[in-house]
Amino acid sequence: MADVTAPAPIAPAARAPKAHPFRDVLVKRLGFGILTLFIVSILVFAATQVLPGNAASAALQNTATPARLHALEIQMHLNRSAVAQYWSWLTGLLHGNFGTSIVNNASVSSLIGGRVLNTAVLMLLAGVIGTVIGVVLGMLAAARRDSWFDHGLSVIALAVTALPEFVVAMALVTFFAALVWHILPAVSVYPPGVSPWSIPSLLVLPVATLVIVIVPYTFRMMRAAMIDALESDYVEMAKLKGMSRWRVLAVHALPNAIAPTIQVIGLNFLYLAGGVVVVEYVFNYPGLGQALVNAVSDRDIPVIQFIVLLLAAFYVVVNIATDLISLAATPRRRLPRS
Amino acid sequence: MASSAALAVLQSAGRGRARRREWAAVLGRAVRTPRGATGLSIVGIVVLIAAIGPALTPYSSTQFVTAPFANPSGTFLLGADVLGRDVLSRTLDGGWVLLLMAAVATLLGVVGGAICGVCAAYFGGHWDTLIMRIVDIVLAFPQLVFALLLVSVLGPKIWLIVLAVGISHAPQVARVTRAAALDVCERDFVRAAQILGMPARRVLRREVLPNLTSVLMVELGLRLTYSILVIAGLSFLGFGLQPPAASWGLMINENRIGLVANPWGVLAPTLLIAALTIGMNTLTDAVARASLGVGRQADDALLSGISAAGAVQ
């Protein structure tokens, strides 16, 4: 049976090697991604096992009596072996049962559900706005290389790259919400059940903070890639045949400069996954990051486990997307190497 | 015959040993540029404040001396904080732990990462695959989140935060070092040392590592900046030095409700952290420019913390 079917897939592959570069990359990356997530889930679970005492005594803290401890241990299945606990946790996750908060006994999915959307809105807005600003500024700086505009932007980028999110956030609050002007709210407290985009003024400062933090990376990469592209023969050719300056920039140089920048844009999105934690905390924005900080303060292990796993899954997905998009932006790499 | 040729190659590459002080030379060249000089002086001032500050505090940093959020006055130059403690004293006292933690975490991360990266490049094969897979997995945790996970399990202990930040640096350092070491390991003098039967540890230490000096210096600077960022961030979130101790990140969080009443409680630590990271980044930039004779793109990619290895190979 195996002898009959085995040669079949090889024959077309030999005729047209790498006919499906997208599928190949997707399958390979997806495989690694699932493996990564599996190992991350083991690590996240193992973290709860090294807890001094156990999760039950940590949850009860000084309200622990032997009877309450015992009841909670049974509720949390702590009386079973570590492997059995891991297995029931993992199968629960795959069935959509994400566990129960130790602190208030609510299910993790009810605590986290709405927050995922809020954080997604924040990250997407910051990521998209930051990318557009970074790409445009990088293009302009490269087009006017060594002008005061270019030097000024480079110095600002160098300085801003190094700033922690909470420093940027406090600076923005100082200028726009507290000391200089009072045009924006200093915290983004949403009434329960209200979606973040329904009160846009509350989104301005958190998004602006994240944008300021990620723009320098995109800007610097874009500027460097654009300078490379502008020094190439095809741009020289386009200029010599009398094409307008902006057309050369947008039509010839930009598509070639964007490919290396896509990696940086991907990294920026990954960076946002960590950046939202502090920004949501500063502005009291009801998202995953704020939930994570609260859960860490309360040592609410099931909530922490789930959020960390969610962020790891985000990492895997963004990496795959980055690979596929940069493959799409670099036609050269799609050709068979022969 | 092979070994005499190998010996000749090794002797001609003897400058590898003569360049033992290369890091000093690179640093010297870097601080003579305007960027390097600016970066070094900013970092120097902040480090000085943090280091000798605790000896200069006019009041105890944990003592209640006046009304909460009192405005700056002749006796309390920067006013008072949320509990009526002297902001100037707390600012002078609140930096050295951050700097010490960042320095140790950076050393841990860069040394650990460099060892992993060099070994992956030199031994290759299964070692390479194994090390790089582990790197991929650790990278799936955002740095801050990784530290938060450990803190949630073991509590906000100083050593734990240092360890967590160190571990979370190692993968990036390993990637960059591996990429650079792959080039070095291909070179003749490494081959020659191998042919002469030099043990792997010695080849790595005497032939490979000296040629990674500039790469590691840039990594050291970058990771130090990120260590300060993450540790100050954790402290801001309340997972660092615990109150009533003074710490810049913690001060910003404690005093931000009084931003209008007495802005100095927030501004002083914020400005110091900002100056420290900007200065550090500027200095690192100057070091990278002084040491790497590479194209602008690789240069910029490296400086923006992306690493020559890239996210995807």
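Residues numbered from 1 in each chain as written. Chains lettered and ligands numbered in written order. Predicted model: local features only at pLDDT ≥ 70, side-chain atom pairs only at ≥ 80, totals over all residues.

## What to know about the nonpolar core
1) Next: Counting residues in hydrophobic clusters, the biggest one holds 187 residues, and the most contacted among them are A:Met226, A:Ile307, B:Ala147, B:Val208 and B:Ile231.
2) Next: When residues are assigned to domains, this core turns out to be shared by domain 1 (2-94 + 241-299) and domain 2 (98-221) of chain B, each giving three or more.
3) Next: For B:Val208, the residues in contact, after removing those within four places along its chain, are B:Val118, B:Tyr122, B:Ala181, B:Val184, B:Cys185, B:Val190 and B:Val203. (Core = buried A, V, L, I, M, F, W, Y, C linked by C-beta atoms within 7 Å. Buried ≥ 20, exposed ≤ 12 C-beta atoms within 10 Å, placed from the backbone. Domains from an automatic or database assignment. Contact = placed C-beta atoms within 7 Å.)

## Re helix α8 (residues 148-161) of chain A
Residues and elements named next belong to chain A.
1) Next: With 14 residues, α8 extends 20 Å from end C-alpha to end C-alpha; this agrees with the ideal 20 Å at 1.5 Å per step.
2) Next: Of all the positions in α8, only Leu153, Ala157, Leu158 and Thr161 are classed as buried. Here the buried residues of α8 occupy an arc of 135 degrees about the axis, which is enough to place them on one side. Opposite the buried face of α8, at more than 90 degrees from it, the exposed residues are Trp148 and Gly152. (Helix = DSSP H or I, 4+ residues; strand = E, 2+ residues; numbered from the N terminus. Expected span 1.5 Å × (residues − 1). Arc of directions from axis to C-beta.)

## Points about the environment of B:Ala140
1) Next: Position of B:Ala140 among the secondary structure elements: in the loop between α7 (125-139) and α8 (143-154).
2) Next: Sequence spacing of B:Ala140 and B:Glu219 is 79 residues, and the spatial spacing of their C-alpha atoms is 20 Å.

## Let's talk about the domain arrangement of chain B
1) Next: According to the domain assignment, chain B contains domain 1 (2-94 + 241-299) and domain 2 (98-221).
2) Next: Put simply, the middle of domain 1 of chain B and the middle of domain 2 of chain B, counted by C-alpha atoms, are 24 Å apart.

## Quick notes on the interface of chain B and chain A
1) Next: Listed per partner, the contact involves 46 residues of chain B and 50 residues of chain A.
2) Next: Those elements that place two or more of their residues in the side of chain B that touches chain A are α7, α8, α12 (213-236), α14 (264-291) and α15 (296-303) of chain B.
3) Next: Sort the elements by how many residues they give to the side of chain B that touches chain A and α14(B) lands first, with 10 residues.
4) Next: Partitioned by chemical class, the residues of the side of chain B that touches chain A number 29 nonpolar, 12 polar and 5 charged. (Nonpolar A, V, L, I, M, F, W, Y, C, P; charged D, E, K, R; others polar.)

## Re the packing of helix α3 (residues 21-49) of chain A against helix α14 (residues 301-329) of chain A
Residue and element names in this part refer to chain A.
1) Next: Contact geometry of α3 with α14 gives a least axis separation of 10 Å together with a crossing angle of 165 degrees. Taken as axis vectors, α3 and α14 run roughly antiparallel relative to one another. When you trace α3 past α14, the crossing you get is right-handed.
2) Next: Partitioned by chemical class, the residues of the contact of α3 with α14 number 17 nonpolar, 6 polar and 2 charged. (Axes fitted to C-alpha atoms, helices over the stretch in contact; angles between N-to-C directions. Parallel < 35°, antiparallel > 145°, perpendicular 65-115°, else oblique. Left-handed = near helix turned anticlockwise from the far one by under 90°.)

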